[in-house]
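Descriptive structure summary
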Amino acid sequence: MRLKHLAFLVALDESRNMHTASRQLNISQPAGSKMLKDIETFLGMLLFTRDPGGMEPTEAGQCVLRYARRLLNDTDRLVEELASMQEGGQGALALGSVPGAAPVMLPKAVTALKVHRPRLAVSLFENSSDRLLVDLEYKLLDVVIGRFTEYGQRHLFDFRPLGEEPVAVVVRQNHPLCHADVSLQEVVKWPWVLHPMTSPMRGLFEEALAEAQVPSPRNVIETTSTQSSLQLVASSDALSVQPCSVMETSFSQGTFVSLPLKIGKPLGYYGVMTRKGEPLSDIVEEFIDILMSQSF
């Protein structure tokens with residue numbers, strides 16, 4: 001199969017419509033139908049069911065689509081890196097990080113890496129571990145600073161521990177709760193800015209509430225962005241659960257206060273995560289060595 005075949009399968013999965021997918025690849029609908037038939041004949045398996053309401057990938061189709069997306073993303077990254085080198089660059093590195101490591105650990109490591117590779121293009125994406133690991137699996141990221149969220153992920157990624165991530169309940173300076181005795185029963189009545197339910201940080205918070213037999217807050221804004229969370233907290237009476245390391249940054253100091261509330265145990269060790277069984281580039285190896293040398 002060629003890359004064009006893989007691109008067509010992904011377009012068909014995203015649109016679930018033969019006409020739309022064919023148009024995206026600038027081919028006619030009959031040509032698209034023939035291409036899908038040829039792919040299925042080559043693989044010896046049906047990849048999509050054809051129904052009046054649209055097309056649905058079969059179990060085999062979902063398997064092929066996972067590999068198709070990885071290969072296409074890998075190819076796009078290759079083209080981008082080669083283009084960077086042609087222009088005098090030193091390649092590219094795409095990093096993903098949980099909020100706890102992003103404000104303190106990563107800036108130091110990236111700065112040290114850029115000393116040796118000043119023309120290296122570095123992209124940094126901050127998100128929860130569950131979302132970052134999807135991008136790592138599909139080769140949108142080279143390395144992730146995060147943690148396992150499902151047992152099955154241990155078969156997909158290698159993990160090198162870096163440090164714990166304690167969390168705190170954060171409010172703006174001069175918030176009414178800064179000068180009051182606070183409890184979980186009281187704080188859930190206030191508005192909150194929280195990570196989505198799928199994130200480990202939100203899970204830790206909800207577990208603490210359940211153990212204290214306190215209902216979840218009802219007035220909630222959900223976001224995975226630390227910057228958006230802090231901006232919302234700074235401009236309102238909202239509370240948020242954030243990594244303690246966020247409070248150590250110059251941006252946060254003097255602007256936010258941690259309430260004297262214990263929200264469970266630390267989230268556990270986060271670490272460097274890479275795709276299992278895949279050789280690491282010299283850039284990724286150097287970046288990991290820098291991170292490991294400054295941890296603990």
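To start, this report covers the structure provided alongside it. (Residues numbered from 1 in each chain as written. Predicted model: local features only at pLDDT ≥ 70, side-chain atom pairs only at ≥ 80, totals over all residues. Heavy atoms only, no water.)

**Details of the sheet that holds strand β7 (residues 167–172)**
Where we set the bar: Strand pairing is assigned whenever DSSP identifies at least 2 bridges connecting the two strands. Numbering of helices and strands runs from the N terminus, with a helix taken as a DSSP run of H or I at least four residues long and a strand as a DSSP run of E at least two residues long. Only the stretch in contact is used when fitting a helix axis, every axis being a line fitted to C-alpha atoms; angles between N-to-C directions are given from 0 to 180 degrees.
Spatially, five strands are ordered β9-β8-β10-β7-β11 in an open sheet, and the strand pairing comes out mixed. Edge positions in the open sheet fall to β9 (220–222) and β11 (256–258), since each of these has one partner strand only. Across the sheet, the mean angle from the axis of one strand to that of its neighbour is 35°, orientation sign disregarded. Sheet analysis places strand β8 (residues 192–194) next to β9, joined by three bridges and oriented parallel. By the bridge assignment, W192 is partnered in β9 with V220.

**A closer look at the pattern of salt bridges**
Quick note on the threshold: For salt bridges, the criterion is a side-chain nitrogen of Lys or Arg within 4 Å of an Asp or Glu carboxyl oxygen. Working definition: with a 1.4 Å probe on protein chains only, accessible area under 20% of the residue-type maximum means buried, over 50% means exposed, and in between means partly exposed.
The full count for this structure, using the stated rule, is 15 salt bridges. In this structure, R50 engages E40 in a salt bridge whose closest nitrogen and oxygen atoms are separated by 2.9 Å. Here the residue R50 occupies a position in strand β1 (residues 48–51), and E40 occupies one in helix α3 (residues 29–43), the gap between them amounting to 10 residues. For D237, the salt bridge identified is with R172, shortest N-O distance 2.5 Å. Residue D237 is found in the loop between α9 (226–234) and β10 (239–243), and its partner R172 is found in strand β7; the two are separated by 65 residues along the sequence. What makes D237 partly exposed here is its relative accessible area of 31%.

**Let's talk about helix α5 (residues 105–116)**
Residues that lie three or four places apart on an α-helix share one face, since the helix turns once every 3.6 residues. Inclusion rule: Regarding the arc, it is the one traced by the directions from the helix axis to the C-beta atoms. Residues are treated as being in contact if the distance between any of their heavy atoms lies within 4.5 Å.
For α5, the complete set of buried residues consists of M105, L106, A109, V110 and L113. Projected down its long axis, α5 carries its buried residues within an arc of 110°, all on one side. For α5, the exposed residues set more than 90 degrees away from the buried face come down to K108, T111 and V115. Contacts made by the buried residues of α5 are with β3 (92–97), β4 (121–126), β5 (143–146), β6 (157–163), β12 (270–275) and α10 (282–294).

**A few points about the pairing of β7**
Look at any regular strand and the pattern is simple: side chains alternate between the two faces of the sheet. Among the six residues in β7, six count as buried, and that is most of the element. Side chains V167, V169 and V171 of β7 all project onto a buried face; the interleaved residues A168, V170 and R172 project onto the opposite face, where all are buried too. Here β7 runs beside β10; their pairing, made up of four bridges, is antiparallel. Bridging from a neighbouring strand, V170 pairs with S240 of β10.

**A closer look at the sheet that holds β6**
Pairing is mixed across the open sheet formed by five strands, whose spatial order is β4-β3-β5-β12-β6. Unpaired on one side and paired on the other, β4 and β6 mark the two borders of the sheet. Here the strands of the sheet are splayed against their neighbours by 20° on average, with no regard to which way each runs. Bridge count between β6 and β12: six bridges; the pairing is antiparallel. Bridge pairing in β12 links D158 to T274.

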